[in-house]
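# Residue-level structure breakdown
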Amino acid sequence: AVQELESQFDATIARDQRIEPRDWMPEGYRKTLVRQIAQHAHSEIIGMQPEGEWITRAPSLRRKSILFAKVQDEAGHGLYLYSAAETLGIDRAELTQRLLEGRQKYSSIFNYPTPSFADVGVIGWFVDGAAICNQVPLCRSSYGPYARAMVRICKEESFHQRQGYELLLTMMRGTREQREMVQDAVDRWWWASLMMFGPPDDDSPNSAQSMAWKIKRHSNDELRQRFVDMTVPQAAKLGVTLPDPELRWNEERGHHDYGTPDYSELKRVISGDGPCNAERMERRRAAHEEGAWVREAASAHAAKQAARARA
Ligand code: 3HC
């Protein structure tokens, strides 16, 4: 009977069709989806912190309202993704517990500081740009709820990327100090953004299985290359230089050659030793504790409504 179920599952994947929550699935498929979707959700929630620090200090009402909308979107992305993870039979309270206990990760990129307002623009341009490269293929992921969550998220990410780039264009038309702030932020975020795509393909333990199950559609290096090729012309238009002396167009490859990111830094940041890891987790833990009364009130309200509906 299990063989029959297994071959049905394999046939669905082979036909590029979707696996839905009620379908039989191998335990490993469920486990790696909980792992990836939960970590994606945690990344969105933690990702609210670096830019959130600038909401009260944005230089104009327009910038403040754009930033506010973007940070609110990230919270929403987190909730869509926790809902997608819950279709796999796990509760978001348990996932939050795993994050707070360090048993689940969030994206390395959010462990870097945001000392200037230009960081808000560069995060939009690089981080949300990288997220688009990584998330568009996930719209075709074999697990239905995850793929569908990605469609809505990708639409909002393109607004995030464009608002960041427009912010930088404005600063580049400003004073010399503003142009220097932009270049400084580019220098600090470029390599960390390349590391968002994960370790190199020859050091990516989950990739082979994730690609066989069509959860991951392209390898880490393929998506990293796509991001570099997309960003180089944008940097030229903006008038900033990307901090990589090896970056150059390679005609026969039809792609840009670029230097090797420092993957030992990625490993260090992933294992908790980045510039802001402690602060991000402390803030997340405090928010979870301070928010306990909201969760209790919401479930008490829901229980009352349910009782009223039964009466
Ligand atoms: N940060 C933190 N952990 C990372 C990482 C990174 N940048 N890159 C890899 N890792 C971890 C992996 O989670 C894995 O550890 P685990 O087995 O304990 O989960 C380990 O390093 C080895 O990496 P693999 O390449 O084998 O792992 P994956 O196949 O899962 O690939 C990934 C990593 C490309 C990040 C993949 O998980 C993925 O595509 N996830 C969904 C996208 C995502 O999470 N994006 C977060 C970016 S932030 C964001 O999108 C918010 C936006 O609004 C900016």
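Not measured: the values here are computed from a predicted model. (Residues numbered from 1 in each chain as written. Predicted model: local features only at pLDDT ≥ 70, side-chain atom pairs only at ≥ 80, totals over all residues. Heavy atoms only, no water.)

Moving on, we get to the overall build of the protein. In terms of helices and strands, the protein carries 13 helices and 2 strands. The C-alpha atoms of the protein give a radius of gyration of 21 Å, which matches the 19 Å a tight globule of 311 residues would have. In terms of its C-alpha atoms, the protein occupies a principal-axis envelope of roughly 65 × 50 × 35 Å. For the protein, the proportion of its 311 residues judged to be buried stands at 50%. Per element, the accessible surface of the protein, about 15,300 Å² overall, is 57% carbon and sulfur. Across the protein, 42 positive and 44 negative side-chain charges occur, with their mean positions spaced 6 Å apart. (Helix = DSSP H or I, 4+ residues; strand = E, 2+ residues; numbered from the N terminus. Rg over C-alpha atoms; globule rule 2.2 N^0.38 Å. Buried < 20%, exposed > 50% of the residue type's maximum accessible area, 1.4 Å probe, protein only. Areas by Shrake-Rupley, 256 points an atom, 1.4 Å probe, with all protein chains shown as cover. Lys, Arg positive; Asp, Glu negative; His and termini not counted. Charge placed at Lys NZ, Arg CZ, Asp CG, Glu CD.)

Turning our attention to the packing of aromatic side chains. The description of two aromatic rings rests on the distance between their centres and on the angle between their planes. Under the counting rule described, the total for this entry stands at 12 aromatic pairs. Judged by centre distance (5.8 Å) and plane angle (25°), the rings of W190 and F227 are stacked. Of the two residues, W190 is situated in helix 8 (residues 176-195) and F227 in helix 10 (residues 220-238); the sequence distance between them amounts to 37 residues. F227 gets classed as buried once you look at its relative accessible area, which sits at 0%. An aromatic cluster is defined as three or more aromatic residues linked by ring pairs; in this entry it consists of W125, F126, Y165, W190, F197 and F227. One Lys or Arg, R57, reaches over the ring of W54 and ends 3.9 Å from the middle of that ring. (Phe/Tyr/Trp six-rings, centres within 6.5 Å; stacked < 30°, edge-to-face > 60°. Lys NZ or Arg CZ within 6 Å of the ring centre and 35° of its normal.)

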